[in-house]
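# Descriptive structure summary
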Amino acid sequence: MKPLTHLRPGQRAFIVDMKNSLFCEKLFELGVFPGDLVEIKENTGSNNSIVVKINNHTFNIFKSAAETIITNVVSFEVCLN
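As the structure is a computational prediction, the values presented were derived from the model and not from experiment. (Residues numbered from 1 in each chain as written. Predicted model: local features only at pLDDT ≥ 70, side-chain atom pairs only at ≥ 80, totals over all residues. Heavy atoms only, no water.)

## Some points on the pairing of strand β6 (residues 69-73)
- Sheet analysis places strand β1 (residues 2-3) next to β6, joined by two bridges and oriented antiparallel. Of the residues in β6, the one forming a bridge with K2 is T71.
- Bridge count for strand β2 (residues 12-18) against β6 is five bridges, and the pairing is antiparallel. Directly across from A13, in β6, lies its bridge partner V73. (Pairing = 2+ DSSP bridges. Helix = DSSP H or I, 4+ residues; strand = E, 2+ residues; numbered from the N terminus.)

See below:
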């Protein structure tokens, strides 16, 4: 398990835990919950935030807040179509 800030662009992970209760409440209001799939769009060292896609919505999250979101990286995908 890794904090959201440790993921690279293109990586996908499931939200496992949210350590900051105030930020957690804000995410709940936006419809983001543990178990949701996150895709990293941008995570550069020069920027103070990361860009993620969750539930078909794009969010810009400050790295200090993203550090409190614990994830489990998706290691494989199965398509049944």
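## With respect to helix α1 (residues 21-29)
- If you check which residues of α1 are buried, you get F23, C24 and L27. For α1, the angular spread of buried residues about the axis comes to 105°, placing them on one side. Those residues of α1 that are exposed and aimed more than 90 degrees away from the buried face are S21, L22 and E29.
- Of the surrounding elements, those touching the buried residues of α1 are β2, β5 (57-62), α2 (63-66) and β6.
- Two to three positions downstream of the cap, the backbone nitrogen of L22 sits 3.1 Å from a side-chain oxygen, assigning the N-cap of α1 to N20. (Buried < 20%, exposed > 50% of the residue type's maximum accessible area, 1.4 Å probe, protein only. Arc of directions from axis to C-beta. Contact = heavy atoms within 4.5 Å. Polar contact = N/O pair within 3.5 Å; in protein donor to acceptor, adjacent residues only side chain to side chain.)

## Quick word on the pattern of salt bridges
- Within this structure, the stated rule accounts for two salt bridges.
- The shortest N-O distance in the salt bridge between D17 and K19 comes to 2.9 Å.
- Residue class for K19 comes out exposed when judged on its relative accessible area of 58%.
- Ionic pairing is found between K41 and E39, a salt bridge with its closest N-O pair at 3.5 Å. (Salt bridge = Lys/Arg side-chain N within 4 Å of Asp/Glu carboxyl O.)

## Re the pairing of β5
- When strand β4 (residues 49-54) meets β5, the two strands line up antiparallel, connected through six bridges. Directly across from V51, in β5, lies its bridge partner N60.
- Here β4 folds back onto β5, and the loop between the two strands holds two residues, one of which, N55, carries a positive phi near 50°.

## Description of the sheet that holds β5
- The strand order across the open sheet built from six strands is β1-β6-β2-β3-β4-β5, with neighbouring strands paired in antiparallel fashion. In the strand order of this sheet, the two ends are held by β1 and β5, each with one partner.
- Relative to β4, strand β3 (residues 37-42) is paired through four bridges, and the arrangement is antiparallel. Following the sheet pairing, I40 is matched in β4 by V52.
- Packing against the sheet, α1 makes contact with β2, β5 and β6, and its axis sits at approximately 125° to β2. (Axes fitted to C-alpha atoms, helices over the stretch in contact; angles between N-to-C directions.)

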